[in-house]
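Spelled out, the chains give:
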Amino acid sequence: MVALDSSGWSQFPLHASAKRVYLADVTSGGDDGNSGLTPELPKATPSVAYDLLTHQSGDQLLVKKGSDFGLGFGQWKKSGLSADYPMLIGTYGSGARPIFQTGNAYFLFTSGGGGSPSTIDFLAITDIEATAQSYTGNGSGDVHGVSFAIASASITIEGCRFTNFTNGINFTGAHAGHASFRIRRNDCSLQFATTGAVGHGIYLGNAQDLWIVEENICDSNSVSPNETEMRHGFYMPEGSNGTFGILRRNISSRNAATGFNLRVGGTTENNLSLQNPVSFYQAGISSPGVAAYACYFLWNVALDGANIEASGRGHAFTFEDWLGGECKHNIFAHNSTGTAPAGFTLQSGTFTNVEVDDNILFDWEGGSAIQATAAQLAGTTWSRIQIDLVV
C-alpha cells in the first residue's frame, strides 16, 4: 500500500528494477535527442518520453515543473508493477505544476484497440495540470481530461488540475470495472458539455471494491448556458459497487445540478456542498429501483442551494433505496438562492433499517422539512432532528 508523508501526499519509491524518465519543454532544456534518463538531459515530447517506459514495470515519468506543452499523452497502454510500485507520471524541480494544453483532445485515455492490453493497472498520475483550451463543446464527441474506458485496478490520480474538458476525470465502460482507485486532492472545475448527460467535474462509473475519493474540489461545472439536471460536480452512477467505498472531505460548489451524486451505497462523510441545486444525493441501488447496498451519510455540510436555470431547486439531501445505513450529524443551512427548497427528500424506492439521527436543518427557507411517503418512513427511524426553516 502506498504510504503518505506528514502532509498527506502519497509517496512513490522507485523499485530496484525500475528507471526514471525525465520530460521538460524546450525552454526548460527538453530535447528529444537527449537520453531522457537524467534531470539534466530530459526529453521534450510526451510521446517520446512515454516510449522509454516499460509495460508492467515501476518506471516513473517525471515532468519538470514550470513546463508548458501543446499536447498530452493520448492513448495510454502501459501498466505498473504492483500497487506498491505503480508506474508514475509525476514531477521534478520547483515551481508551478507543468501544464499540458491539449487543444481539443484528451490529456490521457485508455481504450480498447490500438495494441492496448485488456486492462491498465497500477498507474499513478500526480501534480499535473491539463486544459483543453480549444474545446468549445462535445457536439462532435466528448473530450475528457483523464479517461479510463477499459478495466483498471489501483489507479491513483492526485494533486492534479483539469479544466475545460467534457469531464475532468472520467471512469467508464461496460467491462469488469475499476477496482481500488484513489482520487485525491484534485481540482476538477470548469468542465462543460453542450449535449448529453456529461459535463461533470468527476465521473466514476463501474466502480468496484475499496475506492477512495477524498479532498477534491469540483466547482462551476456546466454552468449557464450549459445547465441541465444531468450535469454534476461529482457523479457515481448506479451499476457500481459502493459497499466498501468512501467519499470524504471534498468540496463541490456552484455546479449545474448536484454537488455530490452517489448512487452506489458506501460512505459519504465530512464533505461540503455550496450553492448547488441539489446539495447531496445518495442511493444504494445496483440498478434503477433495486436497493442493494447500505449507505452512510455522516458529518456533511450544505450551505445554500440554487436553481437549475429557470427550474426551482434548493434540495438539501435526497436519498433513495437504502438497504440499511445511517444519516447522522449533518448540517444543512442558509438556503436563500434555491426557490423550491426541500430538506430531507426520500426519493422513490424502499428503505430498510435506516437510522436518521442528530441532523440540523437551519434557515432553509420555504419548502418542507421532510418529503416522504408513509411506506418509506416505515423503514426509517428518526431522532434528534433540529429543524428551523425560517420561512
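Numbers given to residues run from 1 along each chain, matching the order in which its sequence is written. Only residues with pLDDT of at least 70 are given local features in this predicted model, and only at 80 or more are side-chain atom pairs given and counted; all residues enter the totals for whole chains, interfaces and linings. As a rule here, side-chain values cover all heavy atoms of the structure and leave hydrogens and water aside.

Draft legend 1. Spatial organisation of the overall build of the protein. Along the protein, the regular secondary structure elements total 2 helices and 38 strands. Only C-alpha atoms enter the radius of gyration, while the globule expectation follows 2.2 Å times N to the 0.38, with N the number of residues. Radius of gyration (C-alpha) of the protein: 22 Å, near the 21 Å computed for a compact globule of 391 residues. The C-alpha extent of the protein, read off along each of the three principal axes, is 70 × 40 × 40 Å. Within the protein, contacts between residues at least 6 apart in sequence are counted, and of these 75% link residues at least 24 apart. Each accessible area is a Shrake-Rupley result for a 1.4 Å probe, and residues are judged covered by the shown protein chains and nothing else. Working note: accessible area of the protein is about 14,400 Å², and carbon and sulfur atoms make up 53% of it. Note that His is not counted, nor are the chain ends; the positive residues are Lys and Arg, and the negative ones are Asp and Glu. Positions of charges follow a simple convention, taking NZ of Lys, CZ of Arg, CG of Asp or CD of Glu. The average position of the 20 basic charges and that of the 34 acidic charges among the side chains of the protein differ by 6 Å. Numbered from the N terminus, helices here are DSSP runs of H or I no shorter than four residues, and strands are runs of E no shorter than two. Pairs of residues are marked as contacts when any of their non-hydrogen atoms sit within 4.5 Å.

Draft legend 2. Fine view of a nonpolar patch on the surface. Only residues whose relative accessible area exceeds 30% and that form no salt bridge enter a patch; like-charged residues are grouped when within 9 Å of one another, and nonpolar side chains (Val, Leu, Ile, Met, Phe, Trp, Tyr) when within 5 Å. In the sections that follow, a salt bridge refers to a side-chain nitrogen of Lys or Arg positioned within 4 Å of a carboxyl oxygen of Asp or Glu. Together, Ile370, Leu377 and Ile387 make up an exposed nonpolar region whose accessible area comes to about 210 Å². Here Ile370 shows up in strand 37 (residues 368–371).

Draft legend 3. Region of interest: the packing of aromatic side chains. Only the six-membered ring of Trp is used, alongside the rings of Phe and Tyr, when aromatic pairs are assigned; centres must lie within 6.5 Å, and planes under 30 degrees apart are stacked while those over 60 apart are edge-to-face, with the rest tilted. Scanning the entire structure with this criterion turns up 25 aromatic pairs. Aromatic side chains Tyr22 and Tyr92 sit 5.1 Å apart centroid to centroid with 85 degrees between the ring planes, which places their arrangement in the edge-to-face category. Here Tyr22, found in strand 1 (residues 20–23), pairs with Tyr92, found in strand 5 (residues 87–92); they are 70 residues apart in sequence, far enough to count as distant. Residue classification places Tyr22 among the buried positions, given a relative accessible area of 10%. The class of Tyr92 is buried, set by a relative accessible area of 13%. Measuring from ring centre to ring centre gives 5.7 Å for Phe73 and Phe107, while their planes differ by 75 degrees; the resulting arrangement is edge-to-face. Here Phe107 lies in the loop between strand 6 (99–101) and strand 7 (108–110) and Phe73 lies in the loop between strand 3 (68–69) and strand 4 (74–75), a separation of 34 residues in the sequence. Taken together through their ring pairs, the aromatic side chains of Phe260, Phe280, Phe297, Phe317, Phe319, Trp322, Phe332, Phe344, Phe351 and Trp382 make up a single cluster. Throughout this description, the term charge over a ring refers to an Arg CZ or Lys NZ atom that lies within 6 Å of the ring centre and within 35 degrees of the ring normal. Just above the ring of Tyr50 sits the side chain of Lys78; from NZ or CZ to the centre is 4.3 Å. Categorising residues by exposure relies on relative accessible area from a 1.4 Å probe, with only protein chains included: less than 20% of the type maximum marks a residue as buried, more than 50% marks it as exposed, and the intermediate range marks it as partly exposed.

Draft legend 4. Representation of the pattern of salt bridges within the structure. Applying the stated criterion across every chain, the model contains 17 salt bridges. Put simply, Lys328 and Glu355 hold a salt bridge, and the shortest N to O gap is 3.5 Å. Placement of the pair is Lys328 in strand 33 (residues 322–328) and Glu355 in strand 36 (residues 351–364), with a sequence separation of 27 residues. With a relative accessible area of 14%, Lys328 lands in the buried category. Under the relative-accessibility criterion, Glu355 is labelled partly exposed at 31%. Residues participating in the shared-partner salt-bridge network are Glu158, Arg184, Arg185, Glu214, Glu215, Arg248 and Arg249.

Draft legend 5. Focus on the pairing of strand 24 (residues 258–262). A large share of strand 24 lies buried, amounting to 5 of its 5 residues. Relative to strand 24, strand 21 (residues 234–236) is paired through 3 bridges, and the arrangement is parallel. Across the sheet, residue Phe234 finds its bridge partner in strand 24, namely Phe260. At least two bridges found by DSSP between two strands is the condition for calling them paired.

Draft legend 6. The environment of Ser336, seen in detail. Of note, Ser336 is situated in the loop between strand 34 (331–335) and strand 35 (342–346). With relative accessibility at 55%, the residue Ser336 sits in the exposed group. Separated by 137 residues in the primary sequence, Ser336 and Gly199 have C-alpha atoms spaced 26 Å apart.

Draft legend 7. Just the state of the cysteines, in detail. Throughout, disulfides are identified as pairs of cysteine sulfur atoms within 2.5 Å of each other. Tallied over the entire structure, the rule returns 0 disulfides. The closest cysteine sulfur to the non-disulfide-bonded Cys218 is located on Cys188, 5.4 Å from its own sulfur. On the basis of relative accessibility, which here comes to 4%, the residue Cys218 falls in the buried class. Cysteine Cys327 shares no disulfide, and the gap to the nearest cysteine sulfur, in Cys295, comes to 10 Å.

Draft legend 8. Spatial organisation of the pairing of strand 34. Here strand 31 (residues 301–303) runs beside strand 34; their pairing, made up of 3 bridges, is parallel. From the neighbouring strand, Ala302 faces strand 34, where its bridge partner is Phe332. In this structure, strand 34 lies alongside strand 36, joined through 4 bridges in parallel fashion. Note on strand 36: the bridge partner recorded for Ile331 is Ile360.

Draft legend 9. Spotlight on the environment of Thr136. Inspection of the secondary structure puts Thr136 in the loop between strand 9 (129–131) and strand 10 (146–148). Judged by its relative accessible area of 67%, Thr136 is exposed. In sequence terms Thr136 and Asn164 are 28 residues apart; their C-alpha atoms lie 8.5 Å from each other. When residues no more than four places from it in sequence are discounted, the contact partners of Thr136 are Phe192 and Thr194.

In short, the description is geometric, and any link to function would need to be established separately.
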